[in-house]
Amino acid sequence: VQLQASGGGLVQAGGSLRLSCAASGRSFGSYFMGWFRQAPGKEREFVAACNWSGGSTDYADSVKGRFTISRDNAKNTVYLQMNSLKPEDTAVYYCAADRNVYGSESAKWYKYAYWGQGTQVTVSS
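Here is a short report on the structure shown in this document. (Residues numbered from 1 in each chain as written. Predicted model: local features only at pLDDT ≥ 70, side-chain atom pairs only at ≥ 80, totals over all residues. Heavy atoms only, no water.)

### A closer look at the state of the cysteines
Counted under the stated rule, the structure contains 1 disulfide. Here Cys 21 is linked by a disulfide to Cys 95, with a sulfur-sulfur distance of 2.1 Å. The chirality of the disulfide connecting Cys 21 with Cys 95 is right-handed, given an S-S dihedral of about 65°. Separated by 74 residues along the polypeptide, Cys 21 in strand β3 (residues 17-24) and Cys 95 in strand β9 (residues 91-98) bring together distant segments of the chain. Residue classification places Cys 95 among the buried positions, given a relative accessible area of 0%. Its sulfur unpaired, Cys 50 is 10 Å from the next cysteine sulfur, which belongs to Cys 21. Among the residues examined, Cys 50 registers a relative accessible area of 0% and is labelled buried. (Disulfide = S-S within 2.5 Å. Helix = DSSP H or I, 4+ residues; strand = E, 2+ residues; numbered from the N terminus. Buried < 20%, exposed > 50% of the residue type's maximum accessible area, 1.4 Å probe, protein only.)

Structure follows, in structure tokens:
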């Protein structure tokens, strides 16, 4: 599967953005999807993930209550709605996919075989 992330940009603190990740290839609905981010000089960190149906989700503590992951399997797309953005949310955001991710593995970037190219999110104070 090939992934294409979009929707990043510059926003003021307190604002919102919605990221999209469009997948090509077959059987998108069988993939576990995740969002990760990486700020300059920092390690890649988990943001959110959802199972094949979107019915089971997981979030990093730092984004709980502010970010929402969802997916539309008919459109082969996963979304990340980001509200109440903070300057510390500034990073390049990546979507990722894999068929074999279970439970707590969703937060581990090395469990995902497929990655999008990343989209920059900048939150100004």
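### A closer look at the nonpolar core
Ranked by size, the top nonpolar core spans 37 residues in total, and within it Met 33, Trp 35, Leu 80, Met 82 and Tyr 93 carry the most contacts. Listing elements by their share of this core, those giving two or more residues are β1 (2-6), β3, β4 (32-38), β5 (45-50), β7 (67-72), β8 (77-82), β9 and β11 (119-124). Look past the residues within four positions of Tyr 93 in its chain and what remains in contact with it is Leu 19, Trp 35, Phe 36, Arg 37, Val 47, Phe 67, Leu 80, Met 82, Gly 118, Thr 119 and Val 121. (Core = buried A, V, L, I, M, F, W, Y, C linked by side-chain atoms within 4.5 Å. Contact = heavy atoms within 4.5 Å.)

### Quick look at the pairing of β11
Across the two faces of β11 the burial differs, with Thr 119, Val 121 and Val 123 buried and Gln 120, Thr 122 and Ser 124 not buried at all. Where strand β2 (residues 9-12) meets β11, 4 bridges bridge the pair, whose relative direction is parallel. By the bridge assignment for β11, Val 11 is matched with Val 123. Bridging between β9 and β11 involves 3 bridges; their strand directions are antiparallel. Directly across from Tyr 93, in β11, lies its bridge partner Thr 119. (Pairing = 2+ DSSP bridges.)

### What about the pattern of salt bridges?
Going through the model one piece at a time under the given rule, you end up with 5 salt bridges. In this structure, Glu 45 engages Arg 37 in a salt bridge whose closest nitrogen and oxygen atoms are separated by 2.6 Å. A salt bridge links Arg 37 to Asp 89; the nearest nitrogen and oxygen atoms lie 2.9 Å apart. In this pair, Arg 37 is assigned in strand β4 and Asp 89 in the loop between β8 and β9, connecting sequence segments 52 residues apart. Classification of Asp 89 as buried rests on a relative accessible area of 1%. If you follow the salt bridges from partner to partner, you end up with Arg 37, Glu 45, Arg 66 and Asp 89 in one network. (Salt bridge = Lys/Arg side-chain N within 4 Å of Asp/Glu carboxyl O.)

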